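# Structure at a glance
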Amino acid sequence: MINHWDNFDGTIERGYSGNSIFFDHNKFRGDMDLIRQYARLLASVGINAVSINNVNVRKYERSFITGAYLKEIKKIGDIFTAYGIRIFLAIDFAAPISVGKLSTADPLCPEVASWWRHTVEELYSIIPDFGGFVVKADSEHEPGPFTYGRSHGDGANMLAKAIRPFGGIIVWRCFVYDCTQDWRDRSLDRARAAFDLFHELDGSFDENVILQIKTDPLISRSGNRCLLCLAL
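Not measured: the values here are computed from a predicted model.

What follows is about the overall build of the protein. Each helix and strand in the protein was counted, giving six helices and 10 strands. Taking 17 Å as the expected radius of gyration for a compact globule of 232 residues, we find that the protein reaches 18 Å, a close match to that expectation. Across its three principal axes, the protein shows a C-alpha extent of roughly 50 × 40 × 30 Å. Here the protein has roughly 11800 Å² of accessible surface; of this, 52% comes from carbon and sulfur atoms. On the protein, the mean spot of the 26 positive side-chain charges and the mean spot of the 29 negative ones are 3 Å from each other.

Written as structure tokens, this is what we have:
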């Protein structure tokens, strides 16, 4: 799976090879030939899934899960589908508030779960072969289950149940840590943060949840190098 960090304005967070091939100035670029060449490239090396927007979901991208945007995203998805690649979207965990205008995004609130089910149904009516969602929650000031005293299992499984009837997958990021910590403080162990938060939840996630750990080698307190992979 390739995780793009493309923003709707055309920029790419930590991008080093030019601007987005999907977006430009808060519009869809519409260069389908370029996207087709890219899809062919990914398929040639065995990539079968792609998330097209930044996991740090900005203002406009929060609404990518709604009809006005999904019709354009379907055009992109159709190209990837032709090469055996499923398209994913990074979403705002608090979309029930930012998009749905609810008063909460508590994953155990029935109204929130209902909103996600309706949203997913509409999405799949437009993009039947949609792959699923990539979710960054409770990390670097992003809202998440912790906001409501819930676990990451509660948050991931609520979304997983909404998307499961359509064969969808939730890719749930485990890069969760206290971003207010001083990274120069060697008594802290940021590399262990995901383990500390998630190991007690082992076995509690629904089958269509994939836990995505951070790429890059990180140095643990003991000085051993720990390779965390999957996210690109």
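On inspection of all chains with the given rule, the structure shows 19 aromatic pairs. Ring centres 5.5 Å apart and planes at 75° place the aromatic pair Phe8 and Phe23 in the edge-to-face group. Residue Phe8 is located in the loop between strand E1 (2–3) and strand E2 (23–24), and its partner Phe23 is located in strand E2; the two are separated by 15 residues in the primary sequence. Accessibility assignment for this pair places Phe8 and Phe23 in one class, buried.

This part covers the pattern of salt bridges. Counted by the stated rule, this structure contains nine salt bridges. Arg62 serves as the salt-bridge partner of Asp92, at 3.6 Å between the closest nitrogen and oxygen. One end of the pair, Asp92, is in the loop between strand E5 (86–91) and helix H3 (95–98); the other, Arg62, is in the loop between strand E4 (49–51) and helix H2 (67–82), with 30 residues separating them in the sequence. Exposure remark for Arg62: the relative accessible area of 34% places this residue in the partly exposed category. Here Asp78 and Lys74 are joined by a salt bridge, their closest N and O atoms 3.3 Å apart.

The strand order across the open sheet built from six strands is E1-E4-E5-E6-E7-E8, with neighbouring strands paired in parallel fashion. In this open sheet, the two edge strands, each paired with only one partner strand, are E1 and strand E8 (209–212).

Across soluble globular proteins, nonpolar side chains show a tendency to be buried alongside one another. Core analysis: the largest hydrophobic core is formed by 57 residues, its most contacted members being Ile73, Phe80, Trp116, Phe133 and Trp172. Secondary structure elements with two or more residues in this core: helix H1 (32–44), H2, E5, helix H4 (110–126), strand E6 (132–135), helix H5 (152–163) and strand E7 (169–173). Broken down by element, this core gets its largest block of residues, eight residues, from H4. Phe133 has contacts with Ile65, Phe88, Leu89, Ile91, Trp116, Val120, Leu123, Ile163, Ile169, Ile170 and Val171, leaving out every residue within four places of it along the chain. Core analysis: the second largest hydrophobic core is formed by eight residues, Phe88, Ala90, Val134 and Val171 among them.

Reading the values: rules and limits
Residues numbered from 1 in each chain as written. Predicted model: local features only at pLDDT ≥ 70, side-chain atom pairs only at ≥ 80, totals over all residues. Heavy atoms only, no water. Helix = DSSP H or I, 4+ residues; strand = E, 2+ residues; numbered from the N terminus. Rg over C-alpha atoms; globule rule 2.2 N^0.38 Å. Areas by Shrake-Rupley, 256 points an atom, 1.4 Å probe, with all protein chains shown as cover. Lys, Arg positive; Asp, Glu negative; His and termini not counted. Charge placed at Lys NZ, Arg CZ, Asp CG, Glu CD. Phe/Tyr/Trp six-rings, centres within 6.5 Å; stacked < 30°, edge-to-face > 60°. Buried < 20%, exposed > 50% of the residue type's maximum accessible area, 1.4 Å probe, protein only. Salt bridge = Lys/Arg side-chain N within 4 Å of Asp/Glu carboxyl O. Pairing = 2+ DSSP bridges. Core = buried A, V, L, I, M, F, W, Y, C linked by side-chain atoms within 4.5 Å. Contact = heavy atoms within 4.5 Å.

Scope: geometric values only; no functional claims are made or implied.
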